2 protein chains.
Amino acid sequence: MVKHRANIKDVASRAGVHPSTVSRVLNPATRSMVSEDLAAEITRIANELGYRRNPLASGLRTQKSYTVAIVIPDLTNPVFPPIVRGVEHTLDAHGYNAILADSGSKQRSEKGIIENMKARQIDGLILAAARRKDPIVNDCIEEGIPLVLVNRTVDNHNVAAVINDDELGIELALKHLIELGHRCIAYIGGPQNTSTGYTRYRTFLKMLKTFDLPVDRDLIVNAKAYTEPAGQAALEHIMGYEKKFTAILTANDLLALGCYDAINEHGLNCPMDISVTGFNDMPYVDRFNPPLTTLHIPLDELGVQAALLLLERMQNPGALAKQIRLAPHMVIRESTTSPAENTPPNK
Amino acid sequence: MVKHRANIKDVASRAGVHPSTVSRVLNPATRSMVSEDLAAEITRIANELGYRRNPLASGLRTQKSYTVAIVIPDLTNPVFPPIVRGVEHTLDAHGYNAILADSGSKQRSEKGIIENMKARQIDGLILAAARRKDPIVNDCIEEGIPLVLVNRTVDNHNVAAVINDDELGIELALKHLIELGHRCIAYIGGPQNTSTGYTRYRTFLKMLKTFDLPVDRDLIVNAKAYTEPAGQAALEHIMGYEKKFTAILTANDLLALGCYDAINEHGLNCPMDISVTGFNDMPYVDRFNPPLTTLHIPLDELGVQAALLLLERMQNPGALAKQIRLAPHMVIRESTTSPAENTPPNK
DNA sequence: CGGTGTTTAACCATCGATTGATCACAGGCA
DNA sequence: TGCCTGTGATCAATCGATGGTTAAACACCG
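Fair warning: this is a prediction, and the values are worked out from it, not measured in the lab. (Residues numbered from 1 in each chain as written. Chains lettered and ligands numbered in written order. Predicted model: local features only at pLDDT ≥ 70, side-chain atom pairs only at ≥ 80, totals over all residues. Heavy atoms only, no water.)

Asks: Explain the confidence of the model for chain A here, please?
Replies: When pLDDT drops low, the exact placement of atoms in the prediction is not to be read closely. In the predicted model, chain A carries a mean pLDDT of 90, and 94% of its residues have values of at least 70. Looking at the elements of chain A, mean pLDDT is at its lowest for helix α6 (residues 110-119) of chain A, recorded as 72, and at its highest for strand β10 (residues 294-296) of chain A, recorded as 98. (pLDDT = per-residue confidence, 0-100. Helix = DSSP H or I, 4+ residues; strand = E, 2+ residues; numbered from the N terminus.)

Here's what the structure looks like:
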């Protein structure tokens, strides 16, 4: 005889009441409709029987699934796991489950993901890598699915998001390099269809002016993607001009890693010949050769905040779309040094 | 007017048939109960209306959710993301969703996770880091929840699992070190309550005999956990004996990383003074200083196979529990070298 | 043409929880 | 005593899909 899981009817009959009464007791919002004594008694019996609400049945009736989806482009990018973990833990603490959708190599279009989400009555969506004009965002808004962006945002500022302060980040990195004595600073940015790529690029240009540094277009390249090969290719491109520069400010740790490759290819040394800064402080960059000077972003916290924001929005879908912005800080390691000792990169 | 998602009744009334007829048509197993012509017509209409089965309702009725849980101890350990990705993609291709349960810092007991899974009608479970005697495994078996272990297995061999060939791995690593000329080889293993920790340790001892090397217990330590601090502590412990050794074989990349720390602390150099091998070839170990010689495990493939195995078991729960074993191979980088040039570690 | 056998599709209860409508009953007040 | 009010619990419909059972339609045959 299979010990079948107690359902609401079991609890009701055991307590000698109607299932609906049990339902009301167990739902905080309706508990007041039932007398205190009975409520206590029913709660006791429910615990005794080990009753758990069946989320499928409940969800069918209420159109809620207590499940949210996290869409990320590639879980193996070390930036995302901490975010996902932060999201997952926070949601879990609130009784929500997280289903993971790695959109990267997914053959289904993003539209397909949304379809799936809708069919499954997903209560909300966390999108970890939106593009600046991302159709998925409009889909969500049209469909009325609560959405929170994390890490990157979109041009339309009416979407809730948890991002980091890119302006501050670029400023900090540039300041750091300037303080070390660098004047000729190359920039390798990210794809311009991402908010981070765009903002960091614009800020870099602005900050050059602010700090009264020369702007040389040949030293500024936006990589095609936030990947090592793209970073390497970008730096190769810059080096092709054979111009002098003593430092590279990159918009992303993986791009910085690509720079390492290009620098090594040319028989040069980081940081002796060229200083490099990253962005994100993803796990293990302190282990690289050399350990990367970069901007630390509280990735866990990003995830936690995104989850909280989503919970808030699911409770109150009409609320104004908040944008939360976390401040990065500089972590100085060994990929940057003063250019005094630099030999100019030559070929 | 909200354009509400077409349900089975909409399709039925549009086709002028009863909902159950539609249901039968859309279920491959029962399609034969309906005439071909009508089936075709219903399929056409369903597509036209963009009908998607509601998994909640369907699951409520059939006790299936088309959802699988992946339980991992810590997503930020770089070993797991590739596995998770492999699992997720494979499941997705078969119409299943994956919900992620990061058990590590989860306050709920593992029992709690199982409870949650059961309540949600989870169809199956993939457990990425079982301990050798893991209560969760028995729970699953008792509850009849299809279960597949990945990466680690349990003592009870009646459980489906996808693991890698630990014996082969240790043999390859040891052979590599011996071929370089090492004779005094330390070993830093993992927790003995994990199958990997246990098997690798036993195999190391066995292989020492096979290769006719001396067994010095002082050079053999099993770390408390697969973490960098634990690896560092283990090596510190070994170094406390001030015995000679020229290489360390570790059972895990993170342990190897901890060894780097201890080696550096003592003012020594890897590989010049001490060679180190890892195990797993987790992402970015090729970037470390020095790039780590380690055993490559096809982590993605591990995930894919685990997902396939689970799908199989969910279809046919009675089937025999298969164990799949993937072969690792050696990736030689710069953390190992011949001891000829070594200066013996002294203090 | 009536009887039997076989498809084919409709009917309806069901999964478990929720909720608007409804009823029972106690107490208050004239 | 009779009527009203309000609290507290029950009734019954519902969410969408499914599947065992049953009715209808049709073919076949003596």
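There's more to say after this.
Asks: What's the story with the relation of the copies chain B and chain A in this structure? I'm lost.
Replies: Look at the two chain copies: a rotation about an axis and a shift along it is all it takes to match them. Structural alignment of chain B on chain A gives an RMSD of 0.2 Å, achieved by rotating through 180° and translating 0.1 Å along the axis. On this basis, the relationship between the two copies can be described by a two-fold rotation axis. Within chain B, the C-alpha atom positioned nearest to the axis of rotation is that of B:Ile99, 2.0 Å from it. A symmetric contact is evident, with 100% of the interface residues of chain B recurring at the interface of chain A. (Least-squares fit on C-alpha atoms with pLDDT ≥ 70 in both. Contact = heavy atoms within 4.5 Å.)

Asks: Looking at this structure, how should I read the protein's contact with DNA strand D?
Replies: What surrounds DNA strand D is a group of 29 residues, the closest being A:Thr21, B:Ile8, B:Arg24, B:Tyr51 and B:Arg61. Taken together, the sugar and phosphate atoms account for 60% of what DNA strand D places within 4 Å of the protein. A:Thr21 places a polar side-chain atom, nitrogen or oxygen, 2.3 Å from a phosphate oxygen of DNA strand D. Within the side chain of B:Ser23, a nitrogen or oxygen atom sits 3.0 Å from a phosphate oxygen of DNA strand D. Mapped onto the surface near DNA strand D, the elements with two or more residues apiece are α2 (19-26) and α4 (55-62) of chain A together with α1 (8-15), α2 (19-26) and α4 (55-62) of chain B. Per-element tally for the surface near DNA strand D: the top contributor is α4(B), with five residues. (Near = heavy atom within 4 Å. Polar contact = N/O pair within 3.5 Å; in protein donor to acceptor, adjacent residues only side chain to side chain.)

Asks: Explain the packing of aromatic side chains here, please?
Replies: Aromatic ring pairs: the centre-centre distance and the angle between the two ring planes describe each pair. Per the stated rule, a full pass over the model turns up nine aromatic pairs over all chains. Note on A:Tyr187 and A:Phe204: the rings are 4.5 Å apart at their centroids and 20° apart in plane angle, and the pair reads as stacked. Of this pair, A:Tyr187 sits in strand β6 (residues 185-189) while A:Phe204 sits in helix α9 (residues 195-210), placing them 17 residues apart in sequence. Across the pair, A:Phe204 and A:Tyr187 agree in class, each one buried. For the pair A:Tyr284 and B:Phe288, a centre-to-centre distance of 6.0 Å together with 35° between the ring planes defines the contact as tilted. Taken together, the positions of A:Tyr284 in the loop between β9 (275-277) and β10 and B:Phe288 in the loop between β9 (275-277) and β10 (294-296) put the pair across two chains. Judged by its relative accessible area of 15%, A:Tyr284 is buried. Connected via pairs of aromatic rings, a cluster forms that spans A:Tyr284, A:Phe288, B:Tyr284 and B:Phe288. One cation-aromatic arrangement involves A:Arg132 over A:Tyr198; the distance from NZ or CZ to the ring centre is 3.8 Å. (Phe/Tyr/Trp six-rings, centres within 6.5 Å; stacked < 30°, edge-to-face > 60°. Buried < 20%, exposed > 50% of the residue type's maximum accessible area, 1.4 Å probe, protein only. Lys NZ or Arg CZ within 6 Å of the ring centre and 35° of its normal.)

Asks: Would you take a moment to explain the protein's contact with DNA strand C for this structure?
Replies: As a matter of local geometry, DNA strand C sits amid 29 residues, with A:Ile8, A:Arg24, A:Tyr51, A:Arg61 and B:Thr21 nearest to it. One of the side-chain nitrogen or oxygen atoms of A:Arg53 is found 2.5 Å away from a phosphate oxygen of DNA strand C. At 3.4 Å, a side-chain N or O of A:Ser58 approaches a phosphate oxygen of DNA strand C. Counting only elements with at least two residues in the surface near DNA strand C, the list comes to α1 (8-15), α2 and α4 of chain A together with α2 and α4 of chain B. Examining the composition of the surface near DNA strand C, we find that five residues originate from one element, α4(A), more than from any other. Here the surface near DNA strand C is built from residues that sort into nine nonpolar, 13 polar and seven charged. (Nonpolar A, V, L, I, M, F, W, Y, C, P; charged D, E, K, R; others polar.)

Asks: So what exactly am I meant to see when it comes to the domain arrangement of chain A here?
Replies: Residue and element names in this part refer to chain A. Annotation of chain A at the domain level lists domain 1 (8-53), domain 2 (65-164 + 299-327) and domain 3 (166-297 + 331-341). Taken over C-alpha atoms, the centre of domain 2 sits 29 Å from the centre of domain 3. With 14 residues of domain 2 at the contact, the number on the domain 3 side is 17 residues. Summing the contributions of domain 2 and of domain 3, the shared interface buries around 1400 Å²; its carbon and sulfur component is 56%. Looking at the side of domain 2 facing domain 3, the largest losses of area belong to Arg132, Arg152 and Asn164, adding up to 43% of the total buried there. Joining domain 2 to domain 3, the criterion identifies one salt bridge. Between Glu167 and Arg325 there is a salt bridge, with the nearest N and O atoms lying 3.2 Å from each other. Inspection of the domain 2/domain 3 interface yields six residue pairs in polar contact (both at pLDDT 80 or more). Among the residues making up the side of domain 2 that touches domain 3, the classes are represented as six nonpolar, four polar and four charged. (Domains from an automatic or database assignment. Buried area = accessible area lost by both parts, 1.4 Å probe. Salt bridge = Lys/Arg side-chain N within 4 Å of Asp/Glu carboxyl O.)

Asks: Help me understand helix α8 (residues 166-180) of chain A in this model?
Replies: Working note: α-helix, 3.6 residues per turn, so residues spaced by three or four point in the same direction. Residues and elements named next belong to chain A. Helix length check: α8 (15 residues) gives 21 Å between terminal C-alpha atoms against 21 Å at 1.5 Å per residue, within 8%. Within the span of α8, buried status applies to Asp166, Gly169, Ile170, Ala173, Leu174, His176, Leu177 and Ile178. In this structure Asp165 caps α8, since a side-chain oxygen of it lies 3.3 Å from the backbone nitrogen of Glu167. Looking one or two residues past α8, Gly181 carries a phi angle of roughly 110°, positive in sign. (Expected span 1.5 Å × (residues − 1).)

Asks: I tried to follow the interface of chain B and chain A on my own but got confused; where do I start?
Replies: By a frequent convention, interface size equals the accessible area lost on bringing the separate parts together. Every contact between the two is made by 53 residues of chain B and, on the other side, 53 residues of chain A. Of the roughly 4700 Å² buried between chain B and chain A on both sides combined, carbon and sulfur atoms contribute 51%. Ranking the residues of chain B by area buried against chain A places B:Leu56, B:Arg120 and B:Arg287 at the top, with a combined share of 17%. The tally of links between chain B and chain A comes to six salt bridges. The salt bridge involving B:Asp261 is made with A:Arg287; its shortest N-O contact spans 2.8 Å. Summed over the shared surface of chain B and chain A, the number is 13 residue pairs in polar contact (both at pLDDT 80 or more). Elements with a minimum of two residues in the side of chain B that touches chain A: α4, α5 (80-93), β2 (97-102), α6 (110-119) and α11 (253-265) of chain B. Looking at the side of chain B that touches chain A element by element, the count peaks at eight residues for α5(B).

Asks: Whenever I open this one, the sheet that holds strand β7 (residues 220-222) of chain B confuses me. Can you help?
Replies: Residue and element names in this part refer to chain B. With parallel pairing, four strands are arranged side by side in an open sheet as β7-β6-β8-β9. Among the strands making up the open sheet, the edge pair consists of β7 and β9. Strand-to-strand twist across the sheet, computed as the mean angle between neighbouring axes with direction ignored, equals 15°. Relative to β9, strand β8 (residues 247-250) runs parallel, the two being bridged by three bridges. Each residue of the ladder has a partner; that of Ile248, found in β9, is Val276. Across the sheet, helix α10 (residues 228-240) is in contact with β6 (185-189), β7 and β8; its angle to β6 comes to roughly 145°. (Pairing = 2+ DSSP bridges. Axes fitted to C-alpha atoms, helices over the stretch in contact; angles between N-to-C directions.)

Asks: How do you make sense of the packing of helix α5 (residues 80-93) of chain A against helix α12 (residues 299-315) of chain A when you look at a structure like this?
Replies: Any two packed helices are characterised by how steeply their axes cross, that is the angle between the axes, and by the distance between the axes. All names here are of chain A. For the pair α5 and α12, interaxial distance at closest approach is 7 Å and the crossing angle is 40°. The orientation of α5 relative to α12 falls into the category oblique. Viewed along their axes, α5 and α12 form a crossing whose handedness is right-handed. Along its contact with α5, which presents Pro82, Ile83, Arg85, Gly86, Val87, Thr90 and Leu91, the element α12 presents Leu299, Asp300, Leu302, Gly303, Val304, Ala307, Leu308 and Leu311. Residues that form the contact of α5 with α12 fall into these classes: 10 nonpolar, three polar and two charged. (Parallel < 35°, antiparallel > 145°, perpendicular 65-115°, else oblique. Left-handed = near helix turned anticlockwise from the far one by under 90°.)

Asks: In this structure, what is going on with the sheet that holds β6(A)? I would like to understand it.
Replies: To summarise the sheet geometry, strands pair through backbone hydrogen bonds and adopt either a parallel or an antiparallel arrangement. Residue and element names in this part refer to chain A. Ordered in space as β7-β6-β8-β9, the four strands form an open sheet in which the pairing is parallel. Two strands lie at the open edges of the sheet, namely β7 (220-222) and β9, each paired on one side alone. Strand-to-strand twist across the sheet, computed as the mean angle between neighbouring axes with direction ignored, equals 15°. Where β6 lies against β7, three bridges are found, and the strand directions are parallel.

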